[in-house]
Amino acid sequence: MVKKIERDFGRFRQIVRGKIRKELRKYITKGEFIGRQGKSVVSIPIPQIRIPHFRFGKNDQSGVGQGDGDVGTPLQEGQPGSGPGAGEAPGEHILEVEVSLEELARMLGDELELPRIQPKGKSTVISDKERYTGISRVGPESLRHFKRSYIEALKRQLALGVYDPDDPLIIPWREDKRYRSWRVKEIPHQNALIMYMMDVSGSMGDEQKEIVRIEAFWIDTWLRSQYKKIDIRYVVHDAAAREVDQHTFYHVKECGGTKISSAYALCNEIIKRDYDPYEWNIYPFHFSDGDNWGSEDTRHCLNLLDNELLPKCNLFCYGQVKSAYGSGQFKRDLDEHFGKDERIITSEIRDKEGIYDSIRDFLKKGK
Amino acid sequence: MQQITRELQTWQNKIEAEARAAGLDPFETRFEMVDWDEMNEVASFGGFPTRYPHWRFGMEFESLQKGYTFGLQKIYELVINNDPCYAYLLKSNSLLEQKMVVAHVMGHSDFFRHNLWFSHTNRRMIDEMANHGTRIRRYVERHGETVVEEFMDACLSLENLVDVHSVYSPQKRRPRFDVMEVEEPAETPKKLKSKGYMDRFVNPPEFLEAQRKKIDQAVKKKKQFPEHKEKDVLLFLLEYAPLEPWQRDVLSIVREEGYYFAPQGMTKIMNEGWASYWHSKLMTEKICNDSEIVDFADNHSATMGMRPGQLNPYKIGMELFRDIEERWNRGRFGRDWESCTDLAERRRWNTNVGKGRQKIFEVRRIYNDVTFIDEYLTEEFAVAQKLFVYRFNAQTNRQEIADRDFKKVKQELLFHLTNLGSPIIHVVDGNYQNRGELLLSHTHDQLDIELAEARDVLRNIHRVWQRPVHIETHLEGEKKLMSFDGEKHHERTVAPA
């Protein structure tokens, strides 16, 4: 059924994506792409466009609430009290929802219209995945549903007339107990390797690294939703490359020249050593500001790509982050050399706003 | 969307009969069953699926959809103030939940029908909304989507600039300017008849002088435009702004819908409180069978739950109605009660007058949230409900409980309810500086308006008025005049603090 709301919804999405009514973009409350990041959930803001009104300003930060606590007790985090009427108008607050990474990947897929990835090679181990979907009368104690069991016991005691409001003690019998039950889903098992390489030469500033961090987070999230097992390796390089852990990858400060070939060579080495291209789907991502040390090294890079990396990988992605110092020459060189080769994708990321488009560039092929 | 099942229909009849027996008098109410995305769709349109097209309904839809998908919120019921009254039931609800919603809706429907503040709302609003939709769609076809939408956005930015009380006062509308108007002869002070030698005493010169001054002032006032400051800014713009006919119509649609929805904002606590009072009473006394009562209690307490630090209008409203009923049953009102200071005696106080039921019906008839809270929120109630004022503490960077003093709590509550929590703004002069510019004034009380947003609103008013616009307000203790002349924003201090 085509719903009436589709038209308005579509229009709203177009405005949010900045396709029409660009003057409204400044009213979009979007916040950071990644909000609080818990163990396996992130909170993401729901985009809202605020229609401006005469309203009370920043000193309107008081109201009436209800509950226990002495003067000075803070209200709970993330739950600003609201006066009556507040929250009635949409767009009053930045709405945030907590979603699992799996959900997030699905939303990302919907949002960017990403195709599901067609893994290469022989896949085929089938693995099981459990989800809690229902309630049953039997089960292990560890899955007992407390509230459901409590309600059943309460009902029984009321019916038997043994419930005493002055001493509301509820003792569940075995028949009262309720348990979570699950269903098993079979999914094909595939392995993937993500190899992040980042240029950490002097010209890559904090802002550039932040962009890489956000983009890498989204790529991770998406690829994780597509593969059961994912290995992630990190390589940083200036004039020389080395493998590092995740924390170092995002926080390291180096400076010095840039020799991209060093990273590609190391990447190739790691793949050769640890990942058989027939077993693994391999995704190298390289982020840089596009400055390389001379055309000699660039030639070396192209060579490595042609003969070593591309034949092994599903997709090779190069993201060029704009910086004040970078010339951006490297992307031009790649584009010139590879033209329309489907195995390599280059993308330019101007600023944080550009991340969306860049992710789409990388993943839209579904490879 | 589909008709309700026969089983539910039977329950509806039973619940409605019980409601009427208890004294409620709802509109004829029609229920429809919807699944959750239909519910979200209808709710995004503010209850009217035939409304005009606008992106903000889509925005609302997205946030409701996500809210539902991730388990943040679920809309149980949706009821439309219309005759007949329409209400939507969520298909996936259990029978018990449906019964509870039906009982709740009976309360709303009765409130719509009988509360004074709803008396001027259009009871054929479903048809009217469809008309609005048709008209706007026609303008979209004729003038283009973006053009109409941009103007609509400007109008929506002004939608709170109305006088929600104006429809209830019989104050006469100013006649529109008419060039054919016959000029009235200049007024002169009226003299009492007297003989010449007595004239000085019967009509003393000071008196005549005072009279003349008064007349002069009246004449001067007449030249002012508008004569009295006008709170219904939208009406003023409708009548005097140089708009195309379609633009005028769009503005009038926004204004009309604003007035239709205003009473729901003005009686949020009462309306929800009344419906909750009745669903709880009907369910526990008449409708639930023994096996359902525990599940009812579970559902009911979820609706009445207070999140720490938040005021739940359902809870406060229902408790206030119960408190009033109890007080009037036990005769806890009137001079004797007010003047009694002996705590023990107050606690025992019971004259068995039994006027509670009668009283709450009277209250639901003539009060709105402001007068309701003002009149019936007592100190005992505030303590029992653990009400407090919270404030942002800049030192700790968090919201903190600031006060439990009854007067402060009440004052704070009333402040947020007044004028639906919006700044009070009037049109003062439609010919400011004799240049056809528009001067608004913000009646400043405690709080400043949001500066950046106010600039955008001025820009939108300019779009409608098409001449420079100004607003007088206070910012950080200084009286300021904010202006927008079509190109630049400008703020200047009128009088320092």
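Residues numbered from 1 in each chain as written. Chains lettered and ligands numbered in written order. Predicted model: local features only at pLDDT ≥ 70, side-chain atom pairs only at ≥ 80, totals over all residues.

What follows covers the overall build of chain A. In terms of helices and strands, chain A carries nine helices and 13 strands. Burial status across chain A gives 33% buried among its 367 residues. Pairs at least 24 residues apart make up 75% of the contacts formed inside chain A by residues separated by at least 6 positions. (Helix = DSSP H or I, 4+ residues; strand = E, 2+ residues; numbered from the N terminus. Buried ≥ 20, exposed ≤ 12 C-beta atoms within 10 Å, placed from the backbone. Contact = placed C-beta atoms within 7 Å.)

Attention shifts here to the overall build of chain B. Counting its secondary structure elements, chain B contains 20 helices and 11 strands. For chain B, the spread of C-alpha atoms along the principal axes amounts to about 90 × 70 × 55 Å. Buried residues in chain B amount to 38% of all 497 residues.

All names here are of chain B. Here five strands make up an open sheet; going across it, the order is 7-8-9-10-11 and the pairing mixed. Strands at the two margins of the open sheet, each flanked by one partner only, are strand 7 (424-432) and strand 11 (489-495). Each neighbouring strand pair of the sheet contributes to a mean axis angle of 25 degrees, computed without reference to strand direction. In the packing of helix 9 (residues 233-240) onto the sheet, the strands contacted are strand 7 and strand 8 (437-443), and the crossing angle to strand 7 comes to about 25 degrees. Seen against the sheet, helix 20 (residues 451-465) touches strand 8, strand 9 (469-475), strand 10 (478-484) and strand 11 and runs at an angle of roughly 160 degrees to strand 9. (Pairing = 2+ DSSP bridges. Axes fitted to C-alpha atoms, helices over the stretch in contact; angles between N-to-C directions.)

Looking now at the nonpolar core. Ranked by internal contacts, the top residues of the largest apolar core, which has 117 residues, are A87, A103, V233, V250 and W278 of chain B. Judged by nonpolar contacts, the second largest core, of 51 residues, contains A105, L315, F316 and L334 of chain A. (Core = buried A, V, L, I, M, F, W, Y, C linked by C-beta atoms within 7 Å.)

Examined at the domain level, chain A breaks down into domain 1 (1-51 + 92-113), domain 2 (126-186) and domain 3 (190-363). Relative placement of domain 2 of chain A and domain 3 of chain A: their C-alpha centres are 51 Å apart. (Domains from an automatic or database assignment.)

For the rest of this paragraph, the subject is the pairing of strand 11 of chain B. Residues and elements named next belong to chain B. For strand 11, the buried fraction is low: zero of the seven residues fall into the buried class. Both strand 10 and strand 11 contribute to a ladder of six bridges, which runs antiparallel. Of the residues in strand 11, the one forming a bridge with L481 is R492. Between strand 10 and strand 11, which pair antiparallel and follow one another directly, the connecting turn spans four residues, one of which, G486, has a positive phi of 105 degrees.

Residue and element names in this part refer to chain B. Summing up the model confidence of chain B, the mean pLDDT is 89 and the portion of residues at 70 or higher is 94%. Note on residues 174-179: pLDDT is under 50 here. Beyond four places in sequence and across chains, it has three contacts. Here the predicted complex carries an ipTM of 0.84, next to a pTM of 0.76. (pLDDT = per-residue confidence, 0-100.)

What follows concerns the interface of chain B and chain A. If you look at the interface, chain B gives 70 residues, while chain A gives 57 residues. No other element matches the 11 residues that helix 3 (residues 55-69) of chain B contributes to the side of chain B that touches chain A. Across the side of chain B that touches chain A, the residue classes tally to 33 nonpolar, 16 polar and 21 charged. Two strands pair when backbone bridges link them, and strand 4 (residues 62-66) of chain A and strand 5 (residues 387-393) of chain B are joined in this way by five bridges, in the antiparallel orientation. In the sheet register, G65 of chain A faces strand 5 of chain B, and the bridge partner there is F388 of chain B. (Nonpolar A, V, L, I, M, F, W, Y, C, P; charged D, E, K, R; others polar.)

So, on to the domain arrangement of chain B. Residue and element names in this part refer to chain B. The domain boundaries assigned to chain B delineate domain 1 (2-115 + 267-299), domain 2 (332-417) and domain 3 (422-495). On the domain 2 side, the residues contacting the nine residues of domain 1 number seven residues. Of all the secondary structure elements, the ones that give two or more residues to the side of domain 1 that touches domain 2 are helix 4 (95-114) and helix 11 (268-287). The element best represented in the side of domain 1 that touches domain 2 is helix 11, accounting for four residues. Among the residues making up the side of domain 1 that touches domain 2, the classes are represented as four nonpolar, four polar and one charged.

Our focus in this paragraph is the pairing of strand 5 of chain B. All names here are of chain B. In this sheet, strand 6 (residues 398-403) lies alongside strand 5 in antiparallel orientation, the contact comprising five bridges. Following the sheet pairing, Y390 is matched in strand 6 by I401. Linking strand 5 back to strand 6 in an antiparallel pair, the connection comprises four residues, with N397 at a positive phi of about 60 degrees.

Inspection of the secondary structure puts S280 of chain B in helix 11. Using a count of 21 C-beta atoms within 10 Å as the deciding quantity, one classes S280 of chain B as buried.

Moving on: unusual backbone geometry. All names here are of chain B. Residue P84 is bonded to the preceding D83 through a cis peptide linkage, with omega at 0 degrees. Looking at the element boundaries, P84 is found in the loop between strand 3 (77-80) and strand 4 (85-90). A positive phi is found at Q466, a non-glycine position, where the angle reads about 65 degrees. By the secondary structure assignment, Q466 is in the loop between helix 20 and strand 9. Note on Q466: 14 C-beta atoms within 10 Å, which makes it partly exposed.

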